[in-house]
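# Understanding the architecture of this molecule
Read off the chains here:
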Amino acid sequence: MKILHTADWHLGKRLETYSRLEEQRAVLAEICHIADEQKVDIVLIAGDLFDTFNPATEAVDLFYKTLKKLSNGGKRPVIAIAGNHDSPERIEAPDPLARECGIFFAGFPDTKLTSAELESGVKICGLDSGMAEIQLPQYTYPLRLLLTPYANEQRLRTCFDSEDKEQEMRKLLSNHWQHLADRFCDSNGVNLLMAHLFFAEEGKAEEKEPEDERSVLVGGAQAIYTSSIPAQIQYTALGHLHRYIRMGSVQKPAVYSSSPLAYSFAEADQDKFVILIEAEPDKVVNVQKIKLSAGKRLLRKRFENMETCISWLQENPNTLLELTIVTDEFLTGAERKQIYDAHDGIVTIIPEVRSLKEQESEAAQLDPGGDIRSLFQSYFVSKLGQEPNQELLNLFDEVLARKN
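Owing to the predicted nature of the structure, the values given are computational and were not obtained by experimental measurement.

Let's shift gears to helix α1 (residues 21-37). Spanning 17 residues, α1 covers 24 Å between terminal C-alpha atoms, matching the ideal 24 Å at 1.5 Å per step. By the burial criterion, the buried members of α1 are Leu21, Glu23, Gln24, Val27, Leu28, Glu30, Ile31, Cys32, Ile34 and Ala35. Looking at the buried residues of α1, the elements they touch are β1 (2-6), β3 (18-19), α2 (57-71), β17 (273-278), β18 (286-291) and β20 (319-327). Just beyond α1, the residue with positive phi is lysine 39, at close to 55 degrees.

Overall, mixed pairing links the six strands, which are arranged β6-β5-β4-β1-β17-β18 in an open sheet. The outermost strands of the open sheet, each flanked by one partner alone, are β6 (103-106) and β18. Neighbouring strand axes in the sheet, compared pairwise and without regard to direction, differ in orientation by 20 degrees on average. α1 contacts β1, β17 and β18 of the sheet and is inclined by roughly 165 degrees relative to β1. Along the sheet, α2 makes contact with β4 (42-46), β5 (78-81) and β6, crossing β6 at roughly 125 degrees.

At a closest axis distance of 8 Å, the pairing of helix α7 (residues 306-315) and helix α8 (residues 333-342) adopts a crossing angle of 20 degrees. With respect to α8, the axis of α7 lies roughly parallel. On the side of α7, the interface is formed by Met306, Ile310, Leu313 and Gln314, while α8 contributes Glu335, Gln338, Ile339 and Ala342. Taken together, the residues of the contact of α7 with α8 break down into five nonpolar, two polar and one charged.

All told, the structure shown has 18 salt bridges when counted by the stated rule. In this structure, the salt-bridge partner of aspartate 61 is lysine 65, at a minimum N-O distance of 3.3 Å. You can see aspartate 61 and its partner lysine 65 sitting in helix α2, four residues apart, about one turn around the helix. Owing to a relative accessible area of 37%, aspartate 61 belongs among the partly exposed residues under this scheme. For the salt bridge of glutamate 352 with arginine 302, the shortest nitrogen-to-oxygen distance reads 2.7 Å. Taken together, the positions of glutamate 352 in strand β21 (residues 346-353) and arginine 302 in strand β19 (residues 297-303) put the pair 50 residues apart, joining distant regions of the chain. When its relative accessible area of 32% is taken as the criterion, glutamate 352 is described as partly exposed. Connected through salt bridges with shared partners, the residues Asp269, Asp271, Lys291 and Arg297 form a single ionic network.

Rules behind the numbers
Residues numbered from 1 in each chain as written. Predicted model: local features only at pLDDT ≥ 70, side-chain atom pairs only at ≥ 80, totals over all residues. Heavy atoms only, no water. Helix = DSSP H or I, 4+ residues; strand = E, 2+ residues; numbered from the N terminus. Expected span 1.5 Å × (residues − 1). Buried < 20%, exposed > 50% of the residue type's maximum accessible area, 1.4 Å probe, protein only. Contact = heavy atoms within 4.5 Å. Pairing = 2+ DSSP bridges. Axes fitted to C-alpha atoms, helices over the stretch in contact; angles between N-to-C directions. Parallel < 35°, antiparallel > 145°, perpendicular 65-115°, else oblique. Nonpolar A, V, L, I, M, F, W, Y, C, P; charged D, E, K, R; others polar. Salt bridge = Lys/Arg side-chain N within 4 Å of Asp/Glu carboxyl O.

So this is what it looks like as C-alpha cells:
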C-alpha cells in the first residue's frame, strides 16, 4: 500500500507584502503529479491546511480543487486533519459532500468519521472517536488510522471526558492512543497514526517551533514524546514543524514531512518534501522523502559591497530575499532604490552600520541634562545609525514649539 504524507500547506499565507498563492498553486499541482506518478493509494494531510481560521476565498478554492484532483474520482482516499491554524468547525463543515468524493476530514480529536462505501469500492468505517479503518478494493488488508487533530489541553479533556484537571497532555493522549491500538490495531492490517502536535524524543533536545508559527504548547502543555506512540503503530505522520524531521526508530518512524514551501526566513534555504510510505501488515515500512521543486526559494544574504550585492541580485532571480547590507554609513534613499530595482523579490533590507556601536556608545555617554533637541538627535543616531536630516529636525522644532 502506497501512502503519501504531506502537511502544513498554510494556504493563503503571505510573506510580508508578498502573496504566495501562485507558488502554492504550483507546489500543490506538483504534489498531485507525484501522487499520480507514484500511483499513490491514500493521501494524508497532517494539519494547518489554511493559514487562518477564516481563509480568503482564493485559498479555499485552491484547497478544494486540489483535494478533488488528489482523490482521483474517489479511487484515492484523502484524509485531512485540522492544525492549530485551522478552524475545526470549518474543516469538518463540507464532510457530507466531501466523503462522497473520497475526502474525509477530522477537526477534533474525538471526531468519529462517518462510515461510507463509495462507487469506487473504497470503504471507510469510523470505528471510534479518532479511529478509522479504510479498505481499498485492490488490497486484502485494511489501513487502520488513528487521527489526532490539534487540540489544547482544555479541548482534549473535554473531548475525552477527563475530570483530572492536572492530567498531563502527553499522558492523556498516550492512554487514548493505546486504548484504540489495543482494540483495533492487530497485525492483519497497516496501522498508522496522524497528528498535528509538537513531538520530541525523551531525553533529547527538543526541536524548535518555526519563529512565526503559533505555538501548540499552550497553557503550560508539554511536548508529546515519541515513546507515547503505541507499539502497534508502524508509521506516525506528523504536522506542525516546517522542516523534514525523522524521529522514532527505524522500525517505527515518526516523521514531520515539512511544509511544501518555506514560509519564513527561519526556513531560508531549506529543502521541502512530501513523504512516500510503502506499508504492509506486520512489516517495517519503507519511507522515501520526495523533494519538491515548485515555489521560490527563501534566502538570507549578507553583503559588504554594493557592487557585489547588485551583481548577485541580478544573477539570482525568482527568489525571496532578506538582505543584510554592511556599510560605513546608513543606506541612502538612492542606494535602497538601486537595490530594489535590481531584484523584485526583496522582502527585507537590514542595514548593518559598522560605526553604529561606536555611535551608540557615544550617545550613552551624553549628558541627559542637555537640551531636548540634542537628546533627540542622539536618540535618533543610537536607533538608526545616522543623523536626522534637516526636514526632520524642522518638524521636531515645530512639534516642540506647539507643545510650548
